[in-house]
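Per-entry structural report
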Amino acid sequence: MDELIFKLNNVHFSYLKKYPALCGIDMQIAKGQKIAILGANGSGKSTLLQLLDALIFPDQGNIQAFERQLREADFNDASFCRNFRKRVGLVFQNPDIQLFCPTVKEDIFFGPLQLGMDRPKIEKQVGEIIEGLGIADLLERSPHQLSVGEKRKVAIASVLAIDPEIILLDEPTAGLDPQTSRHIMDIIIEANEKGKTIITATHDLHIVEEIADKAYILSRQKRIALSGPVVELLSDAELLREHNLMHIHKHRHQGQAHIHSHQHLDHHQH
Ligand SMILES: Nc1ncnc2c1ncn2[C@@H]1O[C@H](COP(=O)(O)OP(=O)(O)OP(=O)(O)O)[C@@H](O)[C@H]1O
Ligand SMILES: [Mg+2]
């Protein structure tokens, strides 16, 4: 296996010590992998990404990142913290949590400036990202006045601006139109082709095959129900139905109503 980035060993986490969110997660993620985290609402996907981003820490078990255990106390050390934040970036499920500056431009520059990157390097990098995402006309606007899709693009730009080795994405295509969604996927795939490790939590089975080669499915018990190559997991209809990744649809064919299962993979052409 290539260089290990994350190694999770029996990780448990509860909110406020009473709402279990993850119960005994084992996982190994190597450099350059494309990973999808799948599972029903409330199965722990966002919690897992926040643990990987060291925003929260396990109650039990441990997480190693870059061969060193993540401990809350180490993040009081400014240089350790800066180094970790430079290497790992999280695009939140809710962009409103991530965007807090008066203008889009300030939001995108905030991370790299905080991390002490020099301005000419940031200017060059950010210029390319802004062009790639087509958000040049939003720069002077307040992030709070943008549409959901625009906010999501700005949130992605603000993480790409840091140029992290590991990009964690929480439902990156939720609420996006098909073209914008395609665009975001291309950016994710391109980042992976440049050697970045990509870990995406999603419900959108349309995108999984492209943005991941391996997937983990979290169960309602907040454990890993199954992991393996994406093509294998996606071909198991029973498994997808069991984890709310496939839904039952009512359709009308030539005047007659039918009810049948439907993966998000299928297009609504029936
Ligand atoms: N701030 C919080 N306080 C208390 N419980 C929480 C909090 N955030 C999440 N939880 C609980 O932790 C569990 C896992 O939540 P999490 O947000 O990680 O799920 P998810 O798989 O990302 O869901 P979704 O698909 O809806 O985004 C859920 O049971 C949820 O109720
Ligand atoms: Mg979530």
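Higher on the page you've got the structure.
A brief report on the enclosed structure follows. (Residues numbered from 1 in each chain as written. Chains lettered and ligands numbered in written order. Predicted model: local features only at pLDDT ≥ 70, side-chain atom pairs only at ≥ 80, totals over all residues. Heavy atoms only, no water.)

**So, the pattern of salt bridges**
Taken as a whole, this structure holds 12 salt bridges when the rule is applied. Measuring nitrogen to oxygen at the nearest pair gives 3.4 Å for the salt bridge that ties arginine 68 to aspartate 74. Take arginine 68: its relative accessible area is 42%, and that puts it in the partly exposed class. Note that aspartate 96 and lysine 151 form a salt bridge whose closest N and O atoms lie 2.9 Å from each other. One end of the pair, aspartate 96, is in helix α3 (residues 95-98); the other, lysine 151, is in helix α6 (residues 148-160), with 55 residues separating them in the sequence. Looking at aspartate 96, the relative accessible area reads 38%, which means it is partly exposed. For lysine 151, a relative accessible area of 12% gives the class buried. By sharing partners, the salt bridges in this structure join Arg182, Asp186 and Glu210 into a single network. (Salt bridge = Lys/Arg side-chain N within 4 Å of Asp/Glu carboxyl O. Buried < 20%, exposed > 50% of the residue type's maximum accessible area, 1.4 Å probe, protein only. Helix = DSSP H or I, 4+ residues; strand = E, 2+ residues; numbered from the N terminus.)

**Side note on the sheet that holds strand β6 (residues 88-91)**
The mixed open sheet is built from six strands, whose spatial order is β6-β7-β8-β3-β9-β10. Looking at the sheet topology across the chains shown, the edges are occupied by β6 and β10 (224-229). Each strand of the sheet is rotated relative to its neighbour by a mean of 15 degrees, with strand direction disregarded. Here strand β3 (residues 34-39) pairs with strand β8 (residues 197-201) via four bridges, running parallel. Paired with isoleucine 35 across the bridge in β8 is isoleucine 199. The strands that helix α1 (residues 45-52) touches are β3, β6, β7 (166-170), β8 and β9 (214-218); relative to β7, the one it contacts most, it runs at about 155 degrees. Lying over the sheet, α6 contacts β6 and β7, oriented at roughly 175 degrees with respect to β6. (Pairing = 2+ DSSP bridges. Axes fitted to C-alpha atoms, helices over the stretch in contact; angles between N-to-C directions. Contact = heavy atoms within 4.5 Å.)

**Topic: the coordination of the magnesium ion (ligand 2)**
Ligation of the magnesium ion (ligand 2) by protein atoms is provided by Ser46 (OG) and Gln93 (OE1), these donors lying 2.0 to 2.2 Å from the ion. In this pair, serine 46 is assigned in helix α1 and glutamine 93 in the loop between β6 and α3, connecting sequence segments 47 residues apart. Residue classification places glutamine 93 among the partly exposed positions, given a relative accessible area of 37%. (Donors = N, O, S within 2.8 Å, 3.2 Å for Na, K, Ca; no water.)

**A word on the nonpolar core**
For soluble globular proteins, nonpolar side chains are generally found buried alongside one another. Phe6, Leu8, Ile37 and Ile199 are the most contacted members of the largest nonpolar core, which has 35 residues in total. Beyond its immediate stretch of four places on either side in the chain, leucine 8 contacts Ile25, Asp26, Met27, Leu48, Leu52, Asn62 and Ile63. Core analysis: the second largest hydrophobic core is formed by 34 residues, Met117, Ile122, Ala157 and Ile211 among them. (Core = buried A, V, L, I, M, F, W, Y, C linked by side-chain atoms within 4.5 Å.)

**Digging into the side chain of asparagine 62**
When you line up the elements, asparagine 62 lands in strand β4 (residues 60-65). Setting aside chain neighbours within four positions, we find asparagine 62 in contact with Lys7, Leu8, Asn9, Val11 and Gln69.

**Here's the deal with α6**
Between the first and last C-alpha of α6 there are 18 Å, a value that for 13 residues agrees with the 18 Å anticipated at 1.5 Å per step. For α6, the buried fraction is high: 11 of the 13 residues fall into the buried class. Elements in contact with the buried residues of α6: β6, α3, α4 (104-114), α5 (119-133), β7 and α7 (178-193). (Expected span 1.5 Å × (residues − 1).)

**A few points about the pairing of β8**
Across the five residues of β8, five count as buried, placing the element largely inside the fold. Across five bridges, the pairing between β7 and β8 is parallel. Following the sheet pairing, aspartate 170 is matched in β8 by alanine 201. Read from β7 through α7 to β8, the crossover connection turns out right-handed. (Right-handed = clockwise from strand over helix to strand, strands pointing away.)

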